[in-house]
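Structural description and commentary
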Amino acid sequence: RDVVADGWLFAVPIAPGEYFHTGAERHLAPLVDALADAYPIGDVHLIGVSTGAAGAVKAALLAPDRYASLTLFPGAPAEDDHASLSELGDLPVFVYVGASDEDRAGVEAGAEAFEAVGVPVDLTVVDGSGHVLPGELGPELAERLAGSAR
C-alpha cells in the first residue's frame, strides 16, 4: 500500500526542550488543527514510538475525540495515566512489541491497563524483534489504521 499516493499526510513533531510525555503533549492537538486548516485531511491517527508512546497516550487523553486511533510502537502509557485511560472511550488502540524487547512485560502491562477499563486494544507481539521493530510492519499498520473506525 502506498500511503502517500493514497493521500496520507505524515507529521513528526519535535518539541525542543520538552518531551511529549512531560508537557509538550499539549501542543499536539493545536498542531493537528493547524494541519487540518492547511491540508484536506480526514482521520488523524496518533502514533507514539518508544518513549513517545507515553506522550501519545497523554496527547490522546487531552483530546480523545480528535483521533481515529492510537498506536504504541512499542510502548505503554505512563503508570500515572492508567487511572485516566477510560477517558479514551472507544478509541481503538494498537500496541506492538518485539518478542525479545527487554520491556515486553511493561508494554503488555500497558495493554492490559487499556483492556481493564474497556478501551479496545489490540496487542501484537512481533517474533524475531527486540525494541526496534521491522519496517516490514508498515503495510500491515497502514491497513489497520485505514480500517480502524470508531
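Residues numbered from 1 in each chain as written. Predicted model: local features only at pLDDT ≥ 70, side-chain atom pairs only at ≥ 80, totals over all residues. Heavy atoms only, no water.

1. Quick notes on the overall build of the chain
Along the backbone of the chain there are 4 helices and 4 strands. Reading the chain from its N terminus to its C terminus gives the helix and strand order α-β-α-β-β-α-β-α. The globule rule puts the C-alpha radius of gyration for 150 residues at 15 Å, and the 15 Å found for the chain is close to it. Principal-axis analysis of the C-alpha atoms gives the chain an extent of 40 × 35 × 35 Å. (Helix = DSSP H or I, 4+ residues; strand = E, 2+ residues; numbered from the N terminus. Rg over C-alpha atoms; globule rule 2.2 N^0.38 Å.)

2. Describing the pattern of salt bridges
Here the structure, examined in full by the defined rule, presents 5 salt bridges. Here K58 makes a salt bridge to D80, at a shortest N to O gap of 3.7 Å. One end of the pair, K58, is in helix 2 (residues 51-62); the other, D80, is in the loop between strand 2 (69-72) and strand 3 (93-98), with 22 residues separating them in the sequence. Linking K58 and D81 is a salt bridge whose minimum nitrogen-to-oxygen distance equals 2.9 Å. With a gap of 23 residues between them, K58 in helix 2 and D81 in the loop between strand 2 and strand 3 connect regions that are remote in the sequence. Both residues of the pair, K58 and D81, belong to the buried class. The network of salt bridges with common partners includes K58, D80 and D81. (Salt bridge = Lys/Arg side-chain N within 4 Å of Asp/Glu carboxyl O. Buried < 20%, exposed > 50% of the residue type's maximum accessible area, 1.4 Å probe, protein only.)

3. Describing helix 4 (residues 137-147)
Of all the residues in helix 4, the buried ones are L137, L141, A142 and L145. Projected down its long axis, helix 4 carries its buried residues within an arc of 135°, all on one side. Elements that come into contact with the buried residues of helix 4 comprise strand 1 (45-48), strand 2, strand 3 and strand 4 (121-126). (Arc of directions from axis to C-beta. Contact = heavy atoms within 4.5 Å.)

4. Focus on the side chain of D101
Residue position: D101 is located in the loop between strand 3 and helix 3 (104-116). Despite its burial, D101 pairs with no opposite charge; the closest candidate is R104, at 8.8 Å N-O. Not counting residues within four places of it along the chain, the set of residues in contact with D101 comprises P74, S129, G130 and H131. (Lys, Arg positive; Asp, Glu negative; His and termini not counted.)

5. Some remarks on the side chain of T124
Relative to the elements of secondary structure, T124 occurs in strand 4. Residues in contact with T124, not counting those within four places in the same chain, are V95, Y96, V97, E140 and R144.

6. What about the sheet that holds strand 1?
Read from one edge of the open sheet, 4 strands run 1-2-3-4, paired in parallel fashion. At either margin of the open sheet sits one strand with a lone partner, and together these are strand 1 and strand 4. Each strand of the sheet is rotated relative to its neighbour by a mean of 15°, with strand direction disregarded. For strand 1 and strand 2, the ladder comprises 4 bridges, and the chain directions are parallel. Its bridge partner being in strand 2, H45 is matched across the sheet by S69. (Pairing = 2+ DSSP bridges. Axes fitted to C-alpha atoms, helices over the stretch in contact; angles between N-to-C directions.)

Scope: geometric values only; no functional claims are made or implied.
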